[in-house]
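Here are the chains, one letter per residue:
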Amino acid sequence: MTKLIVIIVIAALFLVVLTAACTTKPDGAYQAQPQPQQLPPDMEQEEQQAQQQPPQQQPQQEQNLPEETPQEEGAQDKFYYASRLHWPHMPVTYFIENEEGCGSYETNRIKRAFRDISNATGNAVLFAQANDSGSADIEIRCSFIDDCYELSTDIRYDYVIRTETICKHPLGITKTIAEGSRLAKAYIEMVGLAGFAETKREGPSGFYVGTCGHTITEVHELLHAFGYGHSEDDSSIMNPGADVFSLTTQKEGACKGSEKAIDAGIAADLINTYSGKSKG
Ligand SMILES: [Zn+2]
C-alpha cells in the first residue's frame, strides 16, 4: 500500500513538473507578445490621428449632407422629370483643386465661363463654390504641357518673320460619372502651356497663349460636365476644334469675331432641364 502511495506521489510530482514545463511554453509565448505591444504606440498615434481627423470631416459632411441626402430617393433629384443627363440639384458646386497652380488668370477665366453659362440660361444654371473637392460636383484642376510652344525668328535683310507654333494638344479634358440619367461627378482638367507666367514667371498666361483670351475651352469643358457631347457643326461651341487658334500671342481683341457663343439649342435645353418648367 505504501508503495502504491509512493508511486502515486511520484506520479503526481511528474504531473506537476510536466504542467510546470508546459506553463513555461505559454510564458515563452507571452514573452513574444510584449514585442507587438511595443509596436502599437505607432499604431496608436495613427489611431489618434485617425480619431482626430473624423471629427473635422464629420462637421463638414453634416453641413453638406442635409441638402444632398434627403430621405426619399426621389427627393434627391430635383429634376427627376428630365430624361437627358442632368445634375440632380442647382446650383452645381465646383472646387478648383490647385487654384494657386491655375493662377489668377485661369481662375478668373473659369469663373467667367460660369457666368457665361448662367447668363446664356437666364440663371437657370448656377454655380457655387464647394468647401472641398470631395463634396464638389465638378472638380477642376490645372496642368501645363511642356515643349509645346515654339517661337522661331527668321531674319531676312531688313525685316524679321516671327513664327509661333503650338503643338496639337487637348486644351481641356472632362470625365463625367453618371448614375442612370443623374450626373454624380465631373472632373475637368484645364491644360495650359508651360514656359509662361504660371510656370516660368514671365510673359502672358500659359492659358492665354493660343486661346485669344476666350472662355471657349472652359465653357466647352463645362458643357461636357453637363452631359453634352461633341458636335460636328463648325459653329457649335461643342465642335472639338472650336477652341484652337492658330494665331497665338495676339492681344485680346485682336481675334475679334473668333469668339463663340453657347449654342442656342444647348441653352434652350439647359433652361428646359433646370428651370422646372418642362415636366415632359
Ligand atoms: Zn470636347
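Above this text is the structure in question.
Residues numbered from 1 in each chain as written. Predicted model: local features only at pLDDT ≥ 70, side-chain atom pairs only at ≥ 80, totals over all residues.

Draft legend 1. Structural detail: the overall build of the chain. For the chain, the count of helices and strands is eight helices and seven strands. A separation of at least 24 residues holds for 65% of the contacts in the chain among residues at least 6 apart in sequence. (Helix = DSSP H or I, 4+ residues; strand = E, 2+ residues; numbered from the N terminus. Contact = placed C-beta atoms within 7 Å.)

Draft legend 2. Region of the structure containing the nonpolar core. Among the nonpolar cores identified, the biggest contains 42 residues, and Ile 117, Ile 138, Ile 140, Val 219, Leu 222 and Leu 223 are the most heavily contacted of them. Contributing elements (two or more residues each) for this core: strand E1 (92–96), helix H5 (99–120), strand E3 (138–145), strand E7 (182–193), helix H7 (216–224) and helix H8 (264–274). The element that contributes the greatest number of residues to this core is H5, accounting for six residues. In this structure Ile 117 touches Val 125, Val 219, Leu 222 and Ile 262, once residues within four positions along its chain are discounted. (Core = buried A, V, L, I, M, F, W, Y, C linked by C-beta atoms within 7 Å. Buried ≥ 20, exposed ≤ 12 C-beta atoms within 10 Å, placed from the backbone.)

Draft legend 3. Geometry of the packing of H5 against H7. As a packed pair, H5 and H7 sit with axes 9 Å apart at the nearest point and diverge in direction by 60°. On the basis of their axis angle, the class for H5 and H7 is oblique. Taken as a pair, H5 and H7 cross one another with a handedness that is right-handed. The segment H5 lies against H7, with Arg 109, Ile 110, Ala 113, Asp 116 and Ile 117 engaging Glu 218, Val 219 and Leu 222. (Axes fitted to C-alpha atoms, helices over the stretch in contact; angles between N-to-C directions. Parallel < 35°, antiparallel > 145°, perpendicular 65-115°, else oblique. Left-handed = near helix turned anticlockwise from the far one by under 90°.)

Draft legend 4. Structural view of unusual backbone geometry. With an omega of 0°, the peptide bond between Met 90 and Pro 91 qualifies as cis. Of note, the phi angle at Asn 123 is positive, near 65°, even though the residue is not glycine. Phi is positive for Arg 201, which is not a glycine, with a value near 60°. Positionally, Arg 201 belongs in the loop between helix H6 (197–200) and H7.

Draft legend 5. Region of interest: the pairing of E7. The pairing of E3 with E7 spans eight bridges and is classified as parallel. In the strand pairing of E7, Phe 144 is matched with Gly 192. Inspection of the sheet shows strand E6 (residues 172–179) paired to E7 by eight bridges, in the antiparallel sense. Looking across to E7, one finds that Glu 179 is bridged to Arg 182. (Pairing = 2+ DSSP bridges.)

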